[in-house]
Amino acid sequence: MKEMMNNIFDSVSSLFGSGEDHIPWCNRDIIHRCEREVGEVMNKGESTEEHKSESIMRLSWALVHSMQREDVQRGIDMLLQATNNSMAKSTNSPLDQREMLYLMAVGYYRSGEYSTSRRLLNQCLGIEPKWRRALSLKKTVEDRIMKDGFIGIGITAGAIIAAGGIVAACLGYQAAPLSQS
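Just so we're clear, the structure is a prediction, and the values are computed from it rather than from any experiment.

Some details on helix 3 (residues 49-64)
And then number 1: Taking 1.5 Å per residue as the helical rise, helix 3 with its 16 residues ought to reach 22 Å, and the 22 Å between its terminal C-alpha atoms agrees with that figure.
And then number 2: Regarding helix 3, the residues found buried are Lys52, Ser55, Met57, Leu59, Ser60, Ala62, Leu63 and Val64.

Shown next as structure tokens:
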């Protein structure tokens, strides 16, 4: 019996995974260095657009990999702005587009916006269908969507059972005959 219970527990645990997403985290020191680099590059008159773009991409990478929600959002906003600017100028190569889409997907995943992350990953995989990082993140996102769906179903079922119990208790209390002594 104990072995059967362990097997059930293991299968449920494998369904929900270990909770790790295997996406690297970035600390504040790295973010500060990237911010300094962007500031220096922007203040230099001789910096090329390519150098500016590369430093902004490094800062965006650091921000979307941050443990701080506000940093992640700032990274998403920077990437959205960079995407809009490059689309307006038609300066993006498919590789750059792929990278920006992937980084935005990481940011949205970290923000809990899984459907947006999945949509961006699908666009990314449209550019490079066999890109392992995007495929791996897409699997992680889909697993998380499925896990959240199961949790939602469990919460709903629990609420229905609790409500049914309350209704049954109320009806049972009202239906109980009064004893007359």
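The rest of the description comes next.
A look at the confidence of the model for the chain
And then number 1: Looking at the chain as a whole, its pLDDT mean stands at 81, while 76% of the residues score no less than 70.
And then number 2: For the chain, helix 1 (residues 2-16) is the element with the lowest average pLDDT, namely 45, and helix 6 (residues 114-127) is the one with the highest, namely 96.
And then number 3: Considering only residues more than four positions removed or in separate chains, one finds that residues 4-19, a stretch of pLDDT under 50, has five contacts.

Notes on the pattern of salt bridges
And then number 1: Overall, the coordinates contain seven salt bridges when judged by the stated rule.
And then number 2: Put simply, Arg98 and Glu99 hold a salt bridge, and the shortest N to O gap is 3.4 Å. Residues Arg98 and Glu99 agree in their burial class; the two are buried.
And then number 3: The salt bridge partner of Asp143 is Lys139, with a shortest N-O separation of 2.9 Å. Placement of the pair is Asp143 and Lys139 together in helix 7 (residues 132-175), with a separation of four residues, close to one helical turn.
And then number 4: The partly exposed category is assigned to Asp143, whose relative accessible area is 35%.

Side note on the packing of aromatic side chains
And then number 1: All told, the structure shown has two aromatic pairs when counted by the stated rule.
And then number 2: Measuring from ring centre to ring centre gives 5.6 Å for Tyr109 and Tyr114, while their planes differ by 55°; the resulting arrangement is tilted.
And then number 3: Owing to a relative accessible area of 7%, Tyr109 belongs among the buried residues under this scheme.
And then number 4: Accessibility expressed as a relative area gives 14% for Tyr114, which makes it buried.
And then number 5: Residue placement shows Arg110 over the ring face of Trp25; its charged tip is 3.6 Å from the ring centre.
And then number 6: The lysine or arginine in question, Arg133, covers the ring of Tyr102, its NZ or CZ lying 4.8 Å from the ring centre.

Cut-offs used in this document
Residues numbered from 1 in each chain as written. Predicted model: local features only at pLDDT ≥ 70, side-chain atom pairs only at ≥ 80, totals over all residues. Heavy atoms only, no water. Helix = DSSP H or I, 4+ residues; strand = E, 2+ residues; numbered from the N terminus. Expected span 1.5 Å × (residues − 1). Buried < 20%, exposed > 50% of the residue type's maximum accessible area, 1.4 Å probe, protein only. pLDDT = per-residue confidence, 0-100. Contact = heavy atoms within 4.5 Å. Salt bridge = Lys/Arg side-chain N within 4 Å of Asp/Glu carboxyl O. Phe/Tyr/Trp six-rings, centres within 6.5 Å; stacked < 30°, edge-to-face > 60°. Lys NZ or Arg CZ within 6 Å of the ring centre and 35° of its normal.

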